[in-house]
Amino acid sequence: IERVASQVSHMNIVSFAEGMSLYLSSKMEQGPGGRRLFRLAESKFDGAVRSTPDDIDTLNKFADVLRDHAARSAEEDSLAHYSKALEKYRMGRNWSAIASLGHHLVDVHKRHWKYHDQLLDLASHCFESLVL
């Protein structure tokens, strides 16, 4: 059992490191190449979370990456990345990050008029998570 747990932990570390590397690379490249690198990074983080779903550090870092990407990109999939960040923060029970995300969404909705209602709705979900 210890050997299997060790292998899972190593998978998490490798996937996490690959995800961070791809994410940092995606920040340096614009356009389709940067979006492709981010999708690859996201899949590596997903793999790290699947291998150790109770790893709070991985959940929080993945959520931070999703939030940062959504804030920087202002693309159509930003709302999906914000939603996924909330999901990961909830999984990690990171209440302060959820509150921060809610406040961020209230502030950012002014710049993303196209998604005004959806961003405020997601902010409401953040604040409701804190009450439950």
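Basis of the calculations
Residues numbered from 1 in each chain as written. Predicted model: local features only at pLDDT ≥ 70, side-chain atom pairs only at ≥ 80, totals over all residues. Heavy atoms only, no water. pLDDT = per-residue confidence, 0-100. Contact = heavy atoms within 4.5 Å. Phe/Tyr/Trp six-rings, centres within 6.5 Å; stacked < 30°, edge-to-face > 60°. Helix = DSSP H or I, 4+ residues; strand = E, 2+ residues; numbered from the N terminus. Buried < 20%, exposed > 50% of the residue type's maximum accessible area, 1.4 Å probe, protein only. Polar contact = N/O pair within 3.5 Å; in protein donor to acceptor, adjacent residues only side chain to side chain.

Draft legend 1. Quick peek at the confidence of the model for the protein. Summary statistics for the protein give a mean pLDDT of 84 and a share of 83% for residues scoring 70 or more. Predicted confidence is poor over residues 1-8, with pLDDT under 50, and the contacts of this stretch with residues over four places away or in other chains come to two contacts.

Draft legend 2. Up close: the packing of aromatic side chains. Applying the stated criterion to the full structure yields three aromatic pairs. Ring centres of Phe16 and Phe45 lie 5.6 Å apart, and the angle between their planes is 85°; on these two criteria the pair is classed as edge-to-face. One end of the pair, Phe16, is in helix 1 (residues 2-28); the other, Phe45, is in helix 2 (residues 31-51), with 29 residues separating them in the sequence. In this structure Phe45 comes out as buried when scored by relative accessible area, which is 1%. Geometrically, the ring pair formed by Phe45 and Phe62 is stacked, given 5.1 Å between the ring centres and 10° between the ring planes. Residue Phe45 is found in helix 2, and its partner Phe62 is found in helix 3 (residues 56-73); the two are separated by 17 residues along the sequence. For Phe62, a relative accessible area of 0% corresponds to the buried category. An aromatic cluster of at least three residues, connected via ring pairs, comprises Phe16, Phe45 and Phe62.

Draft legend 3. How the structure looks around the side chain of Ser51. By the element assignment, Ser51 lies in helix 2. By relative accessible area, which is 15% here, Ser51 ends up buried. Looking at Ser51, its side chain comes within polar contact range of the main-chain oxygen of Ala48, at 3.0 Å.

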